[in-house]
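Chain by chain, the residues run as shown.
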Amino acid sequence: MKQFRHCGLNVALGMLSGKWKPIILFYLFHNEQMRFTELWRVIPKVTKKVLLDQLRDLEINQLIVREERNTFPPEVYYALSERGKTLGPALATLESWANEYAPTEVAAQRQQSMR
């Protein structure tokens, strides 16, 4: 396994791994920016702590940017970074692949999220 530690695919998957990271990226791809509370409301069953941890990881990996506005109360916005925007074609291809080769799983996931 040592030889695969620095494999590009392994590094990329490490940056994207986490139960909520793909969903966070999905919403940020479809919205220019979102407040923390907006993300928390649209992602079912995620705790605020876990969401914050996932957002921090994405920020550390320079896939998203965090903007805090000096209002009362403070407003925190998240958006894709330039680096994160470059993931768009890869994630769109992965989504197309899933729709074509795993339609049963995709349908089951959609149905489960509606509950």
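Given the structure is predicted, the values throughout are model-derived calculations rather than measurements. Residue positions are counted from 1 within each chain, in the order its sequence is given. Reporting of local features is limited, given that this is a predicted model, to residues whose pLDDT is at least 70; pairs of side-chain atoms are given and counted only at 80 or more, and all residues count toward the totals for whole chains, interfaces and linings. For the side-chain quantities, the full set of heavy atoms in the structure was used; hydrogens and water were omitted.

Q: Let's hear about unusual backbone geometry: which residues, and what values?
A: Of note, the bond from Phe 72 into Pro 73 is cis; its omega dihedral lies within 30 degrees of zero at -10°. Take Pro 73: it is sitting in the loop between β2 (64-69) and β3 (75-80). In this model, Gln 62 sits at a positive phi of 60°, which is unusual for a non-glycine residue. Looking at where Gln 62 falls in the secondary structure, it is placed in the loop between α4 (48-60) and β2. Burial status follows relative accessibility: with a 1.4 Å probe on protein chains alone, a residue under 20% of its type maximum counts as buried, one over 50% as exposed, and anything between as partly exposed. Residue classification places Gln 62 among the partly exposed positions, given a relative accessible area of 48%. Strands here mean DSSP runs of E at least two residues long; helices mean DSSP runs of H or I at least four residues long; both are numbered from the N terminus.

Q: Before we move on, could you go through the packing of aromatic side chains and cite the residues and values that matter?
A: Between 30 and 60 degrees the pair is tilted, below 30 it is stacked and above 60 it is edge-to-face, where a pair is any two Phe, Tyr or Trp rings, Trp via its six-membered ring, whose centres lie within 6.5 Å. All chains considered together, the criterion is met by 2 aromatic pairs. Relative to Tyr 27, the ring of Phe 26 lies with its centre 5.4 Å away and its plane at 80°, an arrangement referred to as edge-to-face. Exposure remark for Phe 26: the relative accessible area of 38% places this residue in the partly exposed category. The interplanar angle of 40° and the centroid separation of 6.0 Å between the aromatic rings of Trp 97 and Tyr 101 together place this pair among those described as tilted. You can see Trp 97 and its partner Tyr 101 sitting in helix α6 (residues 88-101), 4 residues apart, about one turn around the helix. Owing to a relative accessible area of 48%, Trp 97 belongs among the partly exposed residues under this scheme. For Tyr 101, a relative accessible area of 56% gives the class exposed.

Q: How would you sum up the layout of surface pockets? Please name residues and give values.
A: Here the term cavity refers to a set of points on a 1 Å grid, laid over the protein atoms alone, in which a 1.4 Å probe fits but cannot get out; the term pocket refers to an open set having protein on both sides within 12 Å along at least five of seven lines, with lining residues being those that place an atom within 4 Å of a point. Grid points are joined across faces, edges and corners, and a volume is the space filled by probe spheres set on the points. Its boundaries defined by the atoms lining it, the largest pocket holds a volume of some 1,600 Å³. Mapped onto the lining of the largest pocket, the elements with two or more residues apiece are α1 (8-16), α2 (21-30), α6 and α7 (103-113). Counting residues per element, the lining of the largest pocket draws most heavily on α6, at 8 residues. When the residues that make up the lining of the largest pocket are grouped by side-chain class, the tally is 24 nonpolar, 8 polar and 7 charged. Gly falls in the polar group here, along with every residue not listed as nonpolar (Ala, Val, Leu, Ile, Met, Phe, Trp, Tyr, Cys, Pro) or charged (Asp, Glu, Lys, Arg).

Nothing here speaks to function; it is all geometry.
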